[in-house]
Amino acid sequence: MDSKANDRRRKALRWQVPFLLLLIVATVLIIRHQNLMPYQLAKGPVFGTFYSVKYQCDDDLQSLILDELKRVDASLSAFNDTSVISRVNANKDMTTDERFEEVFSLAQKVAEQTDGCFDITVAPLVNAWGFGFKQGISPTQQAIDSIMPFIGYKKVKLQAHRIVKEHAQTMLDASAIAKGYACDRVATLLRAHDVQNFVVEIGGEVVAQGKSEKGEPWRVGIAQPVDDSLSVDIPNMAVLSMDNCAMATSGNYRNFYYRDGKKYAHTINPHEGRPVQHSLLSATVVARNCATADAYATAFMVMGLDKAKTLLEGHSELSAFFIFADSTGDYHTWCSPKLEKKLMK
C-alpha cells in the first residue's frame, strides 16, 4: 500500500511542479506587463468645470470617457435644454432614463436620511438667488415665500419611469450630485476595460482606485477655502491617501459670500429658502461612491458642524473632513477618526 501511495504522490508531483512553474512564469509576466503599461491622461471642460482622468491602460479611452460624460450631460444637465432633467422641469410628458433614475433615487434616499437637508427640488430657490450672491442683491421675502410651497423632496415621485409632481412649478436640480455621479460612471467604464489603477476628478469630486504611476496610493488635496477663485496655487488644508474610495467637497473656495463682515458658503437651506449662515465653510465626504459623497457633502453644509457630526455617528460608511471658522475668522478643522488614517503627514 505504501509503495502504491508513493507512486501516486510522485505522479501527482510530476503534474503539479510544471503547473506551479507555469503559474509563476505567468504571474511574473503579468506583473512585468503591469509595470510597463503606460499611464494615460484624459482631460478637458465639462459641466461648466473641468475633468481629469489618469489611468493605466495600453488603450486610449478618452473618446469613450467623453461619450460617457455626454450621456450624463444629456440626462442631468440643467444647462442642456434637451436633457431629461430639463424636460422634466418643463413638464414634458416623457420617459426618464437609467442615469436620471439612479440619481433621482439616490437623491431621495439621502434626502430622507438627512431630513431634507439634501433636496433635489431646490432648483427654484437656486434660480431666485442666482447671481444675487455676487451682486449683493437678495430676493425679497415675498418672492421666497411664493416659492417655498413648491420645495420639498416629498412633493415629487418617480413612477413607471415618469416624474410625478404635486405642483407643476416644482423643478429639480441635480448639480449637487451630478459631478459625483459622473465620476462614478467613468470609474465603472474604466473597470469594464480592466483598468486597475486610475483616478477620476471632475470639478473637485474624485474616485480613486489602485496606485499612481509612482506605485503609491493616490494623493488628493482638500483646498483651503480662500477667496481668490482664479488662483492656481490654492494651499491645501489636508492631503488624503485614496485607494478604492470616492471623495466630494461642498462649500469649496469658489462659493462664498460676505455678510456683516463674516464669510458664508453659497449653500441654500431648502427648509428656509435662504443661504446657510453658520461656521462650516467646507465639507469633504469620503464614501464608497462619489454620488453619495457629493450628496452628503451638500447636506452637511446645510446642517452645520454639530448636526453633521451627529449624523456621521449613525453612518459608519461615511467619513468627513470639515473646515470651519471661529468668531475671529480663523480656520479650524475636524476629521472623522477613521479618516485620520488616510491623512498624509
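Further up the page is the structure itself.
Since the structure is predicted, the reported quantities are computational estimates derived from the model, not experimental observations.

J.: Where do I start with the pattern of salt bridges in this structure?
T.: Pairs may arise between side chains of opposite charge once their charged atoms sit close together. Taken as a whole and assessed by the stated rule, the structure comprises seven salt bridges. Between Glu 102 and Arg 185 there is a salt bridge, with the nearest N and O atoms lying 3.3 Å from each other. Pair noted here: Glu 102 is in helix 4 (residues 98-113) and Arg 185 is in helix 8 (residues 178-192), with a separation of 83 residues, a long-range link. Linked by salt bridges that have partners in common, Glu 68, Arg 71, Glu 98, Arg 99, Glu 102 and Arg 185 make up one network.

J.: Where do I start with the pairing of strand 16 (residues 331-335) in this structure?
T.: Look at any regular strand and the pattern is simple: side chains alternate between the two faces of the sheet. The pairing of strand 15 (residues 319-325) with strand 16 spans five bridges and is antiparallel. When the bridges of strand 16 are listed, Ala 325 appears paired with Tyr 331. Where strand 15 folds back onto strand 16 in an antiparallel hairpin, the turn is made up of five residues, including Gly 329, whose phi is positive at roughly 95 degrees.

J.: Help me understand the nonpolar core in this model?
T.: The nonpolar side chains of a soluble globular protein tend to be buried with one another. Core analysis: the largest hydrophobic core is formed by 69 residues, its most contacted members being Val 53, Tyr 55, Ile 65, Phe 100, Leu 190, Phe 300 and Phe 322. Val 220, Ala 238, Leu 240 and Cys 245 belong to the second-largest nonpolar core, a separate cluster that totals 17 residues.

J.: Would you mind showing me how to read a positive patch on the surface here?
T.: Among the surface-exposed residues, Lys 109, Arg 288, Lys 338 and Lys 341 lie close enough to one another that they form a single positively charged patch. Along the polypeptide, Arg 288 turns up in the loop between strand 14 (280-287) and helix 9 (290-303). Given the relative accessible area of 70%, Arg 288 is considered exposed.

J.: Would you explain the sheet that holds strand 16 in this entry?
T.: The strands making up a sheet are joined through hydrogen bonds of the backbone, oriented either antiparallel or parallel. One open sheet holds the eight strands; their spatial order is 1-2-5-6-9-14-15-16, and the pairing between them is antiparallel. The open sheet is flanked by strand 1 (39-46) and strand 16, the only strands paired with a single partner. Strand-to-strand twist in this sheet, taken as the mean axis angle between neighbours without regard to direction, amounts to 10 degrees. Judged from the eight bridges that link them, strand 1 and strand 2 (residues 49-56) form a sheet pairing that is antiparallel. Opposite Gln 40, over in strand 2, you have Tyr 55 as the bridge partner. Where helix 2 (residues 62-76) meets the sheet, it contacts strand 1, strand 2 and strand 5 (198-202), and its direction lies at approximately 140 degrees from that of strand 2. Across the sheet, helix 10 (residues 305-313) lies against strand 14, strand 15 and strand 16, angled at about 170 degrees from strand 15, the strand it touches most.

J.: It is not clear to me how the environment of Phe 118 should be interpreted in this structure. Could you clarify?
T.: For Phe 118, the location among the structural elements is in the loop between helix 4 and helix 5 (123-129). Relative accessible area serves as the criterion here: at 3%, Phe 118 is assigned to the buried category. Taking C-alpha positions, Phe 118 is 6.7 Å from Ala 295, a pair spaced 177 residues apart along the chain. When sequence neighbours within four positions are dropped, the list of residues in contact with Phe 118 reads Ala 107, Val 110, Ala 111, Ala 176, Ile 177, Ala 295, Thr 298 and Ala 299.

J.: Looking at this structure, how should I read the pairing of strand 14?
T.: Counted residue by residue, strand 14 has eight buried out of eight residues, so it is predominantly covered. Where strand 9 (residues 245-250) lies against strand 14, five bridges are found, and the strand directions are antiparallel. In the strand pairing of strand 14, Ala 246 is matched with Ala 287. Pairing of strand 14 with strand 15, which is carried by six bridges, proceeds in the antiparallel orientation. Its bridge partner lying in strand 15, Val 285 is registered against Ala 320.

Parameters at a glance
- Residues numbered from 1 in each chain as written.
- Predicted model: local features only at pLDDT ≥ 70, side-chain atom pairs only at ≥ 80, totals over all residues.
- Heavy atoms only, no water.
- Salt bridge = Lys/Arg side-chain N within 4 Å of Asp/Glu carboxyl O.
- Helix = DSSP H or I, 4+ residues; strand = E, 2+ residues; numbered from the N terminus.
- Pairing = 2+ DSSP bridges.
- Core = buried A, V, L, I, M, F, W, Y, C linked by side-chain atoms within 4.5 Å.
- Buried < 20%, exposed > 50% of the residue type's maximum accessible area, 1.4 Å probe, protein only.
- Patch = residues over 30% accessible without salt bridge, like charges linked within 9 Å, V, L, I, M, F, W, Y side chains within 5 Å.
- Areas by Shrake-Rupley, 256 points an atom, 1.4 Å probe, with all protein chains shown as cover.
- Lys, Arg positive; Asp, Glu negative; His and termini not counted.
- Charge placed at Lys NZ, Arg CZ, Asp CG, Glu CD.
- Axes fitted to C-alpha atoms, helices over the stretch in contact; angles between N-to-C directions.
- Contact = heavy atoms within 4.5 Å.

Distances and angles like these do not, on their own, reveal function.
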